[in-house]
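Structural overview for review
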Amino acid sequence: MPVTTRARPGLPGPPPVRALLAAAHGGPALAVTVVAGLLAVRGGLRPLDAVVVTAAVLAGQLTVGWGNDLLDLRRDRAVGRTDKPLAVGSLPVGRAARALAVAAAACLVLSALAGWRTALVNATLATGAGHAYNLGLKATVWSWAPYACAFGTLPSVVTLAGPDRAWAPLWMTGAGAALGVGAHLLNTLPDLADDERTGVRGLPHRIGARGSRVLAAALLPAASLLTVLGPEGRPPAWAWAAVALVIVLAVLTLVTRGRAPFRAAVAIALVDVALLVAVR
């Protein structure tokens, strides 16, 4: 396919660090890292263990982001993605590849320091699921599965490093999986047309924009309900107020356009994490 967008020689690009962060999908990577950090606080990990686990999750997320943009380089150039540093040439491919290698090594080392259970789950099910998406599942009807796997196992990446070395409870795993699939549906919406042009037809492309919005609007509040109803005991009144806020945000995913639905999904995720930390 013809290249429609490229950087002109001599034109200044963004600073190297900013270009690297953009290519790593820094916003989503930071959001997932914050979730991991708050889960670590909730799980009662020792401060050093909490830092190690959170850093391991961040390193893994960086590899997924850089891997995505490296694999999609030709596709991003074909559709003229000017927001992609690799596609426009402001970030050299070699630099991104080296950053990916360093982050991958850091992810493995940090995960191992947190314990072999955390290392195994983070490398294969959490971070590994993201790479499975990049390597081909994104173009199939199973595009949702890596998100369900990665987000669903994220709580266990933390709890397996905790004092009990246990898997996260099923309600927490289910809430994470529902959040992940909902985020996938909404994050894909702005790129549906470009993806179709380059042969990517995941679940959101097959059910369409409207179907994706409706399904996401059902999954995201479901995750919140699992978070509120899952723990033992009677939920406090303020937890139900949080669920009401989530429902409002879910409605926004139906009526807004562009990246706003995904931002609403991130807000829902943060509300759910706050519930996880506060509701015992």
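Right above here is the structure, for reference.
In this report, the structure presented in the accompanying data block is examined. Quick caveat: nothing in here was measured; it's all calculated off a predicted structure. (Residues numbered from 1 in each chain as written. Predicted model: local features only at pLDDT ≥ 70, side-chain atom pairs only at ≥ 80, totals over all residues. Heavy atoms only, no water.)

**Considerations on the nonpolar core**
Taken as a class, soluble globular proteins show a tendency for nonpolar side chains to be buried jointly. Leu 179, Leu 186, Leu 220, Ile 268 and Leu 275 are the most contacted members of the largest nonpolar core, which totals 27 residues. Among the secondary structure elements, those contributing two or more residues to this core are helix 9 (170–188), helix 11 (203–229), helix 12 (237–255) and helix 13 (260–278). It is helix 9 that contributes the most residues to this core, seven residues altogether. When sequence neighbours within four positions are dropped, the list of residues in contact with Leu 186 reads Arg 213, Ala 216, Leu 220, Thr 253, Pro 261, Phe 262 and Ala 265. With 23 residues, the next largest nonpolar core counts Ala 36, Val 158, Leu 160 and Trp 171 among its residues. (Core = buried A, V, L, I, M, F, W, Y, C linked by side-chain atoms within 4.5 Å. Buried < 20%, exposed > 50% of the residue type's maximum accessible area, 1.4 Å probe, protein only. Helix = DSSP H or I, 4+ residues; strand = E, 2+ residues; numbered from the N terminus. Contact = heavy atoms within 4.5 Å.)

**Some thoughts on the layout of surface pockets**
By volume, the second largest pocket amounts to about 260 Å³. In terms of lining residues, the second largest pocket is bounded by 17 residues, among which Arg 42, Gly 43, Thr 159, Asp 164 and Pro 169 are the most central. Take the lining of the second largest pocket: its biggest share by element is three residues, from helix 8 (residues 144–159). Among the residues making up the lining of the second largest pocket, the classes are represented as 11 nonpolar, three polar and three charged. (1 Å grid on protein atoms, 1.4 Å probe; cavity = no way out; pocket = protein on both sides within 12 Å on 5 of 7 lines; lining within 4 Å. Points joined across faces, edges and corners; volume = space filled by probe spheres on them. Nonpolar A, V, L, I, M, F, W, Y, C, P; charged D, E, K, R; others polar.)

**What to know about the pattern of salt bridges**
Pairing is possible between side chains of opposite charge, provided their charged atoms come close. Under the counting rule described, the total for this entry stands at six salt bridges. The closest approach of N and O atoms between Arg 46 and Asp 49, which form a salt bridge, is 3.0 Å. The class of Asp 49 is buried, set by a relative accessible area of 16%. Measuring nitrogen to oxygen at the nearest pair gives 3.6 Å for the salt bridge that ties Asp 191 to Arg 81. With Asp 191 in the loop between helix 9 and helix 10 (192–197) and Arg 81 in the loop between helix 4 (73–78) and helix 5 (85–88), the pair connects residues that are 110 residues apart, well separated along the chain. Residues Asp 191 and Arg 81 agree in their burial class; the two are buried. Each of Asp 72, Arg 75 and Lys 138 takes part in a single network of salt bridges with overlapping partners. (Salt bridge = Lys/Arg side-chain N within 4 Å of Asp/Glu carboxyl O.)

The values reported here are purely geometric and, on their own, carry no functional implication.
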